[in-house]
Amino acid sequence: MALFTSLLAYTLVAQIGAFDLGQSTRCVSIPHQLSVCHDVGYSEMRLPNFLGDSSLESEVVPRFNDWRSLLQTGCHPQAQTLICSLIAPVCLDTFIQPCRSLCLAVRESCAPVLACHGQSWPDELDCDRFPAQDDMCLTSLPKHYSRFSKDLPQPVCQMCPPVDELPSLKTVMDALCFTDFAFKAKLFRRRVASSEPEFEVDGKVEFIQRGPLLPYDTTNLLQQWLLLNLRCAHALVKPGRAQLYLITGTVQSDGTVQLAHLFPWLKKDLHIAAATRKWKHHKC
C-alpha cells in the first residue's frame, strides 16, 4: 500500500521552487507509460520537467507511478491536468506552470483523500509557489463545471463498516430497516499491479432497496468508495477473486454516502437470501 508514501516523501521535494527556468531544455514525446497525459491536449513534453527530472526511464515514469493511485480516486476532475503539467509540461517557447487557483482547487478536493490514507498535503506542493495570473498559466475550470456534481451522492472517508459473516435473519432485516439503501455487488481485487485500479466493482450492482441512490451512478460510487477507503478495501477483498456482498448504507443531508454493513453473501448463508425475499413485504 505504498500508494502515497513516495508521493509525499519524495515526489515534490523543493525541486519545483529550485527549478531554473533559464536552463537548457529539450522536447520529447510523452511516453506510453504516461498514457493518462496523452489526452491533455499536447503530445510533446519538456525535459527537464518542473520536478527537475531529466530521464524518462529512471525518473519521470517511476515518479508518475507514485501519482497513479491518487488520480484513480477521481478526487478532482483537474488533478490530471495539475500532475501532468508538472511531470510532463507542455513543450512551448515559454514555460507554462499550473496556476495557483488550479493548485488550490485540486488541493481542496484531494487533500481529504490523502488524509484518509493517514497523509497530509505535502508542504512541498505549496500552491503559493505557482503564479496567480490566470492568463500566464494553466487555470482551473469554473466551479460549476465538474462531472463530480454536488447533486450526486459522494463517498467519504470513514471507519471500516462491520463485516458480519453468517448473520441471523433478524440482523439482516434490521440492517435493511435502519439504512437508506441496500444492494448486492461483487468486489474484485487485482492480484498484480497494473495501470488499472487495484479494486473495482465486478459487474452491475443489484438493488434490494435503492433509496436516494442513482442507478446509473452507484457502480461508480462504490468503486470510488473502495479507492478512497483503501484500508477497508484490503480487508474486504482477497487478491485475484471476486467477493459478493450485501451492502447497506446511509446518505447524509450533505449528499455524502457512508456504508453501514457488509454481509458476505456465501452460498451456505440462507438468511441473507431469505431476508432479501421477505424485504418487499416487510414492515419495519
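In the block above lies the structure referred to throughout.
Just so you know, these numbers come straight off a predicted model, no measurement behind them.

Draft legend 1. The nonpolar core, seen in detail. L34, M45, L70 and I87 are the most contacted members of the largest nonpolar core, which has 39 residues in total. Within the residue set of this core, elements represented by two or more residues are β2 (44-47), α3 (56-72), α4 (79-87) and α5 (100-116). Sort the elements by how many residues they give to this core and α5 lands first, with eight residues. When neighbours within four sequence positions are excluded, L34 is seen to be in contact with V60, V61, F64, I87 and A88. In this structure, V205, W225, C232 and L259 belong to the second largest nonpolar core, which totals 22 residues.

Draft legend 2. Main features of the packing of α3 against α4. As a packed pair, α3 and α4 sit with axes 11 Å apart at the nearest point and diverge in direction by 170°. Taken together, the axis directions place α3 and α4 in an arrangement best described as roughly antiparallel. Touching V60, F64, W67, L70 and L71 of α3 are A79, Q80, I83 and I87, all from α4. Along the lines of polarity and charge, the residues of the contact of α3 with α4 split into eight nonpolar, one polar and no charged.

Draft legend 3. How the structure looks around the side chain of D53. Relative to the helices and strands, D53 resides in the loop between β2 and α3. Overall, D53 belongs to the buried group, its relative accessible area being 0%. Dropping the residues within four chain positions of it, D53 is found in contact with L47, P48, E59, V60 and R63.

Draft legend 4. Focus on unusual backbone geometry. The peptide bond linking L47 to P48 adopts the cis configuration, its omega dihedral lying at -5°. Here P48 shows up in the loop between β2 and α3. With phi around 50°, L166 is a residue other than glycine that occupies positive phi space. Inspection of the secondary structure puts L166 in the loop between β3 (154-155) and α6 (169-177). Looking at L166, the relative accessible area reads 48%, which means it is partly exposed.

Draft legend 5. Here's a closer look at the packing of aromatic side chains. Per the stated rule, a full pass over the model turns up three aromatic pairs. Both rings, one in F183 and one in F207, keep their centres 6.1 Å apart while their planes meet at 80°; by these two values the pair is edge-to-face. One end of the pair, F183, is in strand β4 (residues 181-189); the other, F207, is in strand β5 (residues 199-209), and 24 residues separate them in sequence. Look at F207 and you get partly exposed, because its relative accessible area is 26%. Among the aromatic residues, those joined into a ring-pair cluster are F181, F183 and F207.

Draft legend 6. Spatial organisation of the environment of K186. Inspection of the secondary structure assignment puts K186 in strand β4. Through-space distance from the C-alpha of K186 to that of Y245 is 6.2 Å; in sequence the pair is 59 residues apart. Each residue touching K186, except ones within four places of it in the same chain, is listed here: E200, V201, D202, A242, Q243 and L244.

Here is what the cut-offs are and how they apply
- Residues numbered from 1 in each chain as written.
- Predicted model: local features only at pLDDT ≥ 70, side-chain atom pairs only at ≥ 80, totals over all residues.
- Heavy atoms only, no water.
- Core = buried A, V, L, I, M, F, W, Y, C linked by side-chain atoms within 4.5 Å.
- Buried < 20%, exposed > 50% of the residue type's maximum accessible area, 1.4 Å probe, protein only.
- Helix = DSSP H or I, 4+ residues; strand = E, 2+ residues; numbered from the N terminus.
- Contact = heavy atoms within 4.5 Å.
- Axes fitted to C-alpha atoms, helices over the stretch in contact; angles between N-to-C directions.
- Parallel < 35°, antiparallel > 145°, perpendicular 65-115°, else oblique.
- Nonpolar A, V, L, I, M, F, W, Y, C, P; charged D, E, K, R; others polar.
- Phe/Tyr/Trp six-rings, centres within 6.5 Å; stacked < 30°, edge-to-face > 60°.

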